[in-house]
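If you want the building blocks of each chain, they are given just below.
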Amino acid sequence: MIRYIFITGGVVSSLGKGIASAAMGALLQARGYKVRLRKLDPYLNVDPGTMSPRQHGEVFVTDDGAETDLDLGHYERFTGVSARQSDNITTGRIYQSIIEKERRGDFLGATIQVIPHVTDAIKEFILTDPGEGVDFVLCEIGGTVGDIEGLPFFEAIRQLGQELGPERACFIHLTLLPYIPAAGEMKTKPTQHSVKELRSIGIQPQILLCRCDRPIPETEKGKIASFCNVRPSSVIEARDVGHIYDVPAAYHAEGLDTEVLWHFRMDDAPKPDLSRWNEIAQTIHNPDGEVCIGLVGKYTDVPDAYKSVSEALVHGGLANKVRVKVRMIDSEQFDDEHHPLDILEGVHGVLLPGGFGERGAHGKMRAARFARERGIPCFGICYGMQLSVVEAARHLAGMKGASTTEFGPTDVPVVGLIEEWTKGNQKITRDENTDKGGTMRLGAYPAILRKGSKVAEIYGSTEISERHRHRYEVNRNYIQQIEAAGVVFSGMSPDGLLPEIIELKDHPWFIGVQFHPELKSRPFEPHPLFASFIEAAKVQSRLV
Ligand code: GLN
């Protein structure tokens, strides 16, 4: 029997609903249950693929090529369960499919309405087969209760609550208990109002997860329980913690999973084994040292834009028992007026993340050049790899006009638009006029690594599969010329046509990858490239 847990949010946004859902999944997993997490996003975009990182943070890509909400990254990192296309839906996608059906005449003349057509489509999405043996499906509803666009989603989960019954559906509401210094009190009124709002649309939450910055007095817990119609023990204190990986153990200590299981009358549930979470917390809070990584990007003022990269760096630190301090560096700082040394002082490794467009790209190339020439560990990801190749072509191989067609037409397109590639046994074709949304090389693709290369050693294998999200590729016609200058193309697509990895021959650690390894890194399984990069940064930190 599959049970469903719905997680909604109230009072304000940014309370960490994604992490709370992920932590809840991790706790059930720690008790031996199989979970799947899903995110329902009420906005009108078909997916976040075309949204600016400024608006939405990073786009998380799944193995099956879906461009999804970054919360799916939290889900994967906390539970280790790979997300799928069928784990994230938006209002846009629902309307798109309903309108397609309507145009085909599939509704046989019926009037199409939010209720039941949109709500039915949402319910169908939630009930999609979660896979073999799954015990719990956790569904997070984006936004906060009261948002106009969220209404069909709340109505759909209300109906499901009714249809599934309390033995198969549980509602958790995440709220905020602000502390008002002038009054010297923690305030419960916003939570009361938020639950009132939820109840006015027919949903009675069973558990309240209350974000706060200090302990909740028992009297206040009692007040919330009474006004919001929940058991006092179901008012769970979700106090700020030092690190996101402390969250599962903290929520367990406050009884979150116990309350959920009580709700489902699963009193004989096994006790959770939180040892791996405790080990991680131990390493995070008692590292043997610290390294500083300079992340040179375009959206450095929006930390969510590089969420998975920052997390993967933390994981690389866990593998090496060091704390990783990430210094966000705006790539536009690398201009004629600043010497790279002044910007990168104290940095033990340079990370060049993915990106799009010409703005900020020249700065990334300057940073790459400095790291290459000074022997500083440097890790280029996707655009970071492409720009490292252009930089090496220009300054190492002497190909002055080398460029990427992403900057505009060029005579030496070392990086160019891919018009054709193969996925499985299918040929995929694109041109400049193809839609922007969902049309990149997306999702997991295999690569073959050169025997004896540094990456083969790091992966401990010559066959890998990694997730992609890009339109351009390094042009294989220039490989020979660039290799002659000391750049090794150590990973290629299985058909030998698309360069996947480069590494520098005479450099302590300079690797560029066309894919996004950060998307597969997890605290319990740090990605080998990130573990190795941090190891190199550790060596560098002893040199400086
Ligand atoms: N802009 C580059 C491309 O589309 C790189 C994309 C990325 O870094 N994700 O190919």
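The shown structure was predicted, so the numbers you read here are calculated from the model rather than taken from an experiment.

S.K.: I tried to follow the site of the ligand on my own but got confused; where do I start?
M.R.: Close to the ligand lie G354, G355, F356, C382, Y383, Q386, E406, R469, H470, R471, Y472 and H516. At 3.2 Å, a side-chain N or O of Q386 approaches an oxygen atom of the ligand. At 2.8 Å from an oxygen atom of the ligand is found a main-chain nitrogen or oxygen belonging to Y472. For the ligand, the accessible surface in isolation is 300 Å², of which the surrounding protein chains cover 98%.

S.K.: Just checking my understanding: could you explain unusual backbone geometry for this structure?
M.R.: Generally, phi is negative for residues other than glycine and the peptide bonds are trans, each holding for most cases. The omega torsion across I115 and P116 is 15°, close enough to zero to call that bond cis. A positive phi angle is found at L108, which is not glycine, with a value near 50°. Counting through the fold element by element, L108 comes out in the loop between α4 (91-104) and α5 (114-127). Phi at R265 takes a positive value of approximately 55°, unusual for a residue other than glycine. Tracing the backbone shows R265 in the loop between α10 (256-263) and α11 (275-285).

S.K.: Looking at this model, I keep getting lost on the packing of aromatic side chains. Mind explaining?
M.R.: The relation between two aromatic rings is expressed through the spacing of the ring centres and the mutual angle of the planes. Following the criterion strictly, the structure yields eleven aromatic pairs and no others. Centre to centre, the rings of Y245 and W277 are 6.2 Å apart; their planes meet at 40°, and the pair counts as tilted. Placement of Y245 in the loop between β11 (235-239) and α9 (247-253) and of W277 in helix α11 is noted, with a sequence separation of 32 residues between them. Classification of Y245 as buried rests on a relative accessible area of 1%. By relative accessible area, W277 is classed as buried at 2%. A connected cluster of aromatic rings, assembled from ring pairs, spans F78, Y245, W277 and F524. Taking NZ or CZ as reference, R38 lies 5.8 Å from the ring centre of F125, over its face. In this arrangement the basic side chain of R231 is found over the ring face of W262, its NZ or CZ atom lying 3.3 Å from the centre.

S.K.: What is the right way to read the UniProt feature "binding site: L-glutamine" (unreviewed entry) in the protein from this model?
M.R.: Here the UniProt feature "binding site: L-glutamine" (unreviewed entry) sits at G355, Y383, G384, M385, Q386, E406 and R471. In summary, the annotated positions, though distributed over 117 residues, converge in three dimensions, the widest C-alpha pair being only 13.8 Å. Those annotated residues lining the largest cavity are, specifically, G355, Y383, Q386, E406 and R471. Residue position: G384 is located in helix α15 (residues 383-395).

S.K.: How should I be thinking about the nonpolar core in this particular structure?
M.R.: Most often, soluble globular proteins have nonpolar side chains that are buried together. With 48 residues, the main nonpolar core has F136 and I172 as its most contacted residues. No other element matches helix α1 (residues 17-30), which puts nine residues into this core. Ignoring any residue separated from it by four or fewer positions in sequence, one finds F136 in contact with R3, I5, L28, Y33, K34, V35, R36, L261, F264 and M266. Of all hydrophobic cores here, the second largest spans 40 residues; its members include A361, A392, Y472 and M492.

S.K.: In this structure, what is going on with the sheet that holds strand β6 (residues 136-141)? I would like to understand it.
M.R.: Note on sheets: strands pair through backbone hydrogen bonds, and any given pair is parallel or antiparallel. The sheet built from seven strands is open, its strands ordered β5-β2-β6-β1-β7-β10-β11 with parallel pairing. Bordering the open sheet on either side are β5 (88-90) and β11, each of which pairs with just one other strand. Pairwise comparison of adjacent strand axes, ignoring direction, gives a mean angle of 20° for this sheet. Direction of pairing for strand β1 (residues 3-9) relative to β6: parallel, over a ladder of five bridges. When the sheet's bridge partners are listed, F6 is paired in β6 with C139. Its contacts with the sheet put α5 on β1, β2 (35-41), β5 and β6, and the angle it makes with β2 is roughly 155°. Along the sheet face, helix α6 (residues 151-164) touches β1, β2, β5, β6 and β7 (169-176) and points at about 150° away from the line of β1.

S.K.: It is not clear to me how helix α7 (residues 189-200) should be interpreted in this structure. Could you clarify?
M.R.: It helps to recall that an α-helix has 3.6 residues per turn; residues three or four apart then point in one direction. With twelve residues, α7 should cover 16 Å at 1.5 Å per step; its first-to-last C-alpha distance of 16 Å lies within 8% of that length. Looking at α7, one finds that the buried residues are T191, Q192, S194, V195 and L198. Down the axis of α7, the buried set is contained in an arc of 165°. They therefore lie on one face. Residues K196 and S200 are exposed on α7 and point more than 90 degrees away from its buried face.

S.K.: Help me out: how do you make sense of the sheet that holds strand β20 (residues 441-449) in this one?
M.R.: Reading across from one edge, β13-β12-β14-β15-β25-β24-β23-β20-β21 is the order of the nine strands in this open sheet, with mixed pairing throughout. Looking at strand neighbours, the two that pair on one side only are β13 (322-330) and β21 (463-470), the edges of this open sheet. Strand-to-strand twist in this sheet, taken as the mean axis angle between neighbours without regard to direction, amounts to 25°. Two strands pair when backbone bridges link them, and strand β23 (residues 487-492) and strand β24 (residues 499-504) are joined in this way by four bridges, in the antiparallel orientation. If you follow G491 over to β24, its bridge partner there is I501. Against the sheet, α15 contacts β14 (349-352), β15 (378-381), β21, β23, β24 and β25 (510-513), and its axis sits at roughly 55° relative to β24.

S.K.: Mind showing me how you'd approach empty space enclosed by the protein here?
M.R.: Rolled over the atoms, a probe with the dimensions of a water molecule shows which regions are left empty. Per the stated rule, a full pass over the model turns up four cavities of 30 Å³ or more. Looking at the largest cavity, its volume works out to about 80 Å³. Secondary-structure elements contributing two or more residues to the lining of the largest cavity are α15 and β21.

S.K.: Honestly, the pattern of salt bridges in this entry has me stumped. Any pointers?
M.R.: Oppositely charged side chains can form a pair if their charged atoms are brought close together. Summed over the entire model, instances satisfying the criterion amount to 35 salt bridges. Measuring nitrogen to oxygen at the nearest pair gives 3.7 Å for the salt bridge that ties D47 to R93. In this pair, D47 is assigned in the loop between β2 and α2 (53-56) and R93 in helix α4, connecting sequence segments 46 residues apart. With a relative accessible area of 13%, D47 lands in the buried category. For R93, a relative accessible area of 25% gives the class partly exposed. Close ionic contact of D240 with R211 constitutes a salt bridge, the shortest N to O distance being 2.8 Å. Placement of D240 in the loop between β11 and α9 and of R211 in strand β10 (residues 207-212) is noted, with a sequence separation of 29 residues between them. Several salt bridges share partner residues, and in doing so they unite K17, K39, D41, D69, D71 and E140 into one network.

Cut-offs and rules
Each chain has its residues counted from 1, following the order in which its sequence is written. pLDDT decides what is reported in this predicted model: residues at 70 or higher carry local features, side-chain atom pairs at 80 or more are listed and counted, and totals for whole chains, interfaces and linings draw on all residues regardless. Side-chain calculation: all heavy atoms of the structure are included, whereas hydrogens and water are not. The nearness test applies per residue and asks whether one of its heavy atoms lies within 4 Å of the molecule or strand. Definition of a polar contact: a pair of N or O atoms within 3.5 Å, with one able to donate and the other able to accept a hydrogen when the atoms are protein atoms, and with sequence-neighbouring residues admitted only if both atoms are side-chain atoms. Computed with a 1.4 Å probe, the accessible areas rest on the Shrake-Rupley method; for each residue, only the protein chains presented here act as cover. Labels follow the DSSP assignment, with helices taken as runs of H or I lasting at least four residues and strands as runs of E lasting at least two, numbered in each case from the N terminus. In summary, the pairing rule links any two rings of Phe, Tyr or Trp, Trp by its six-membered ring, whose centres are within 6.5 Å, and it sorts them by plane angle into stacked for under 30 degrees, edge-to-face for over 60 and tilted for everything else. Only protein chains enter the area calculation, which uses a 1.4 Å probe; residues under 20% of their type maximum are buried, those over 50% are exposed, and those in between are partly exposed. A ring is scored as having a charge over it whenever the NZ atom of a lysine or the CZ atom of an arginine sits within 6 Å of its centre and within 35 degrees of its normal. UniProt positions are given in the numbering used here, feature names are shortened, and annotations may be inferred rather than shown by experiment. Only protein atoms enter the 1 Å grid used here, on which a cavity is any set of points holding a 1.4 Å probe that cannot leave and a pocket is any open set flanked by protein within 12 Å on both sides along at least five of seven lines; residues with an atom within 4 Å of a point are listed as lining. Joining through side-chain atoms within 4.5 Å is the link that ties buried Ala, Val, Leu, Ile, Met, Phe, Trp, Tyr and Cys residues into a set, and such a set is a nonpolar core. Any pair of residues with heavy atoms lying within 4.5 Å of one another is described as a contacting pair. Pairs of strands are assigned from DSSP output, requiring at least two bridges between the strands. To obtain each axis, a line is fitted to C-alpha atoms, and for helices this fit is confined to the stretch in contact; angles are then taken between N-to-C directions over 0 to 180 degrees. Here the expected length of a helix is defined as 1.5 Å per residue gap, with one fewer gap than residues. Each direction from the helix axis to a C-beta atom contributes to the arc, which is the arc of those directions. Grid points are joined across faces, edges and corners, and a volume is the space filled by probe spheres set on the points. Salt bridges are identified by distance alone: a Lys or Arg side-chain nitrogen within 4 Å of an Asp or Glu carboxyl oxygen.

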